[in-house]
Amino acid sequence: MKITKTAVDRMSYAKSAKAADYRWDEQLKGFGVRVYPSGRRAFVITYRTDTGTKRFLTLGDYGELTADQARRLAQDKLADVRHGKDPQAERKEKRLELSVEELAVRYLEHVKQHKRSWKNDEQRLRDHVLPTLGKTKLSEITLNQLQRLHAKIRARKHPGDHEHPATANRVAALVRHMFNVAGKWSLLERNPAAHLTLFREPPPRDIVLTPEQCRAIVEACDADENPYASALFKLAMFTGRRVGELLNAKWANVALDKGIITLPETKAGERQFIYLNEAAAAVLRTLPRLHGNPYIIAGELPGKPLVFYRRAWTRIVKRAGIEPFPPHGLRHNYASMLVAQGQPLETVGHLLGHKNSVTTRKYAHHRPDHLRRAAEAFSDVIDF
């Protein structure tokens with residue numbers, strides 16, 4: 001018979017002892033319907049591999065597929081067989097293929113061994129990538145999917161967040177790198193993110209606070225309900241160090257008598273020191289140590305540092321009545337104010353923990369008089 005809607009509707013189980021009941025199409029060899037005792041009907045194909053092994057492959061249930069759709073799908077699969085493919089083996093291999101979520105687990109275990117910022121990768125995967133693509137198999141990921149995700153991250157609106165393109169670009173760079181690693185592990189034949197174009201990012205905001213604004217932030221910190229979040233942002237203001245470095249700092253590395261906090265490991269990949277002025281030292285002297293927690297900026301979880309500090313920062317900036325800016329702006333403000341007061345760039349770079357003096361050079365424009373005098377020196381040399 002020819003398998004049509006009418007023919008399939010009339011089919012009922014006609015075997016005994018739960019034996020397989022197949023009905024084969026008279027026009028397309030290898031295309032048929034399996035009828036189950038329960039009344040279920042499923043479209044199937046049967047074929048032999050290059051080695052002569054007989055295979056059965058279920059295309060889908062009747063109801064999910066129409067008879068015409070099943071016929072076209074069977075034609076495609078049987079054509080693949082004639083070209084030496086084995087659709088059943090390919091399906092089994094795909095079922096064993098990793099999903100993006102499974103790759104992410106393996107990737108994070110790998111980068112934990114050598115990448116200091118692996119927690120940033122973990123956060124970006126958790127917040128941006130896995131909710132959308134986590135269950136998708138690696139071979140099913142397309143450039144179009146990644147472009148849509150990239151645009152979606154950029155479009156998100158958060159009060160005071162002016163870094164949408166930067167956030168989207170960091171996620172895109174992470175995904176591209178993770179898929180490159182998967183390729184090296186022979187889990188991917190091609191990287192779907194290889195041609196993902198990054199957004200153009202605006203220049204970073206030049207955060208320079210007035211003394212009044214600095215005092216307003218300190219007062220807002222003092223009024224905050226979380227003393228450790230308060231200490232975090234005051235230390236960031238008074239030392240210019242990165243928030244991540246302060247979160248990882250431990251009491252065991254504090255030497256108040258010398259005015260120093262030792263950082264065993266930093267972004268620059270070396271041991272560094274935080275030099276404490278009196279304002280920073282006063283923060284540490286009044287901050288209670290949490291029993292059983294080695295971190296200066298203690299969090300709610302036992303033995304762990306503060307985690308959700310951005311919520312506190314949003315409260316503090318709002319309370320201070322200042323236009324929102326990222327907490328990293330406190331570091332820029334520290335450097336800008338020191339340079340404006342005439343401190344040498346090299347000295348400021350040491351305080352910030354810059355490994356390369358070129359990084360500190362971006363603050364040079366805060367000394368316009370110094371630069372103008374240097375430029376005038378040329379006229380003096382040629383007596384013009």
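Located above this text is the structure these notes cover.
How each quantity is defined
What you see as residue numbers is a count from 1 along each chain, following the sequence as written. Residue-level local features of this predicted model are given only where pLDDT is at least 70; pairs of side-chain atoms are given and counted only at 80 or more, and the full residue set underlies all totals for whole chains, interfaces and linings. Processing note: side-chain calculations cover all non-hydrogen atoms of the structure and skip hydrogens and water entirely. A pairing counts as a salt bridge when a side-chain nitrogen of Lys or Arg comes within 4 Å of a carboxyl oxygen of Asp or Glu. When accessible area is computed with a 1.4 Å probe and restricted to protein chains, residues below 20% of their type maximum are described as buried, those above 50% as exposed, and intermediate ones as partly exposed. Helix and strand assignments come from DSSP, with helices taken as H or I runs of at least 4 residues and strands as E runs of at least 2, each series counted from the N terminus. Criterion used throughout: strands pair if DSSP finds at least two bridges between them. All axes are obtained by fitting lines to C-alpha atoms, using only the stretch in contact for helices, and the reported angles, taken between N-to-C directions, cover 0 to 180 degrees. Contact criterion: two residues are considered in contact whenever any of their non-hydrogen atoms come within 4.5 Å of each other. Centre distance within 6.5 Å is the pairing criterion for rings of Phe, Tyr and Trp, where only the six-membered ring of Trp is used; planes under 30 degrees apart are then read as stacked, over 60 as edge-to-face, and the remainder as tilted. In this scheme, Lys NZ or Arg CZ marks a charge over a ring once it lies within 6 Å of the ring centre and within 35 degrees of the ring normal. Working definition of a nonpolar core: buried Ala, Val, Leu, Ile, Met, Phe, Trp, Tyr and Cys residues. They are joined through side-chain atoms within 4.5 Å. The scheme is simple: roughly parallel for angles under 35 degrees, roughly antiparallel for over 145, roughly perpendicular for 65 to 115, oblique for anything else. By definition, any crossing whose near helix is turned counterclockwise from its far helix by less than a right angle is left-handed, and any crossing with a clockwise turn is right-handed. Basically, the charged four are Asp, Glu, Lys and Arg, the nonpolar ten are Ala, Val, Leu, Ile, Met, Phe, Trp, Tyr, Cys and Pro, and anything else, Gly included, counts as polar.

K.L.:
So what's going on with the pattern of salt bridges? Residues and values would help.
P.N.:
In this structure the tally under the stated criterion is 19 salt bridges. Put simply, lysine 115 and aspartate 121 hold a salt bridge, and the shortest N to O gap is 2.7 Å. A relative accessible area of 27% means that lysine 115 is categorised as partly exposed. Of the charged contacts in the structure, one is a salt bridge between arginine 315 and glutamate 225, with a shortest N-O distance of 3.4 Å. Residue arginine 315 is located in helix α12 (residues 309-320), and its partner glutamate 225 is located in the loop between α8 (211-222) and α9 (227-239); the two are separated by 90 residues in the primary sequence. Assessed through its relative accessible area of 28%, arginine 315 is described here as partly exposed. Shared partners join several salt bridges into a network, and the residues in it are Asp224, Glu225, Arg315 and Arg319.

K.L.:
Before we move on, can you summarise the sheet that holds strand β2 (residues 31-35) with the specific residues and values?
P.N.:
Ordered in space as β1-β2-β3-β4, the four strands form an open sheet in which the pairing is antiparallel. The open sheet has two edge strands, β1 (21-24) and β4 (54-61), and neither has a second partner. Geometrically, the sheet is characterised by an average inter-axis angle of 35° between neighbouring strands, direction not taken into account. Two strands pair when backbone bridges link them, and β1 and β2 are joined in this way by four bridges, in the antiparallel orientation. Residue tryptophan 24 lies in a different strand from β2, and its bridge partner there is glycine 32. The strands that helix α2 (residues 67-82) touches are β2, β3 (41-48) and β4; relative to β3, the one it contacts most, it runs at about 15°.

K.L.:
Quick one: what's the story with the packing of aromatic side chains, residue by residue and with numbers?
P.N.:
The full count for this structure, using the stated rule, is nine aromatic pairs. Taking the centre distance of 5.3 Å and the plane angle of 15° together, the rings of tyrosine 22 and tryptophan 24 count as stacked. Its relative accessible area of 34% is what places tryptophan 24 among the partly exposed residues. Between the aromatic rings of phenylalanine 31 and phenylalanine 43, the centroid separation amounts to 6.2 Å while the plane-to-plane angle is 20°, which identifies the pairing as stacked. Highlighted residues: phenylalanine 31 in strand β2 and phenylalanine 43 in strand β3, separated in sequence by twelve residues. The burial state of phenylalanine 31 is the same as that of phenylalanine 43; both residues are buried. Through a chain of ring-to-ring contacts, the aromatic side chains of Phe233, Tyr309, Trp313 and Phe325 assemble into a single cluster. If you follow arginine 40 out to its NZ or CZ, it ends over the ring of tyrosine 36, 4.5 Å from the centre.

K.L.:
Explain the side chain of serine 99 to me, and be specific about the residues and the numbers.
P.N.:
For serine 99, the location among the structural elements is in the loop between α3 (87-96) and α4 (100-111). On the accessibility criterion, serine 99 (7% relative accessible area) is buried. Excluding residues within four positions of it along the chain, serine 99 makes contact with Gly134, Lys135, Thr136, Lys137 and Leu138.

K.L.:
An account of unusual backbone geometry is requested, with residue identities and associated values reported.
P.N.:
You will see that serine 186, though not glycine, has its phi angle at about 65°, which is positive. In this structure, serine 186 sits in the loop between α7 (164-184) and α8. With a relative accessible area of 65%, serine 186 lands in the exposed category.

K.L.:
Now, about the nonpolar core: what can you tell me, with residues and values included?
P.N.:
Counting residues in hydrophobic clusters, the biggest one holds 44 residues, and the most contacted among them are Ile217, Leu232, Phe233, Ile261, Ile296, Ile297 and Leu330. Per-element accounting of this core gives the leading share, nine residues, to α9. Not counting residues up to four positions away in its chain, the partners in contact with isoleucine 261 are Ala249, Asn253, Val254, Gln272, Phe273, Ile274, Leu276, Leu284 and Ile296.

K.L.:
Before we move on, could you go through the sheet that holds strand β6 (residues 260-263) and cite the residues and values that matter?
P.N.:
The strand order across the open sheet built from three strands is β5-β6-β7, with neighbouring strands paired in antiparallel fashion. A strand with exactly one partner marks an edge of an open sheet, and here the two such strands are β5 (254-255) and β7 (272-275). Pairing analysis gives two bridges linking β5 to β6, with the strands arranged antiparallel. Paired with alanine 255 across the bridge in β6 is isoleucine 260.

K.L.:
Give me the lowdown on the packing of helix α13 (residues 329-340) against helix α14 (residues 345-352), citing residues and values where you can.
P.N.:
Contact geometry of α13 with α14 gives a least axis separation of 10 Å together with a crossing angle of 155°. Considering the angle they form, α13 stands roughly antiparallel to α14. Judged by the twist between their axes, the crossing of α13 over α14 is right-handed. Across the interface between the two elements, Arg331, Tyr334, Ala335, Leu338 and Val339 of α13 pack against Leu345, Val348, Leu351 and Leu352 of α14. Its residues assigned to classes, the contact of α13 with α14 shows eight nonpolar, no polar and one charged.

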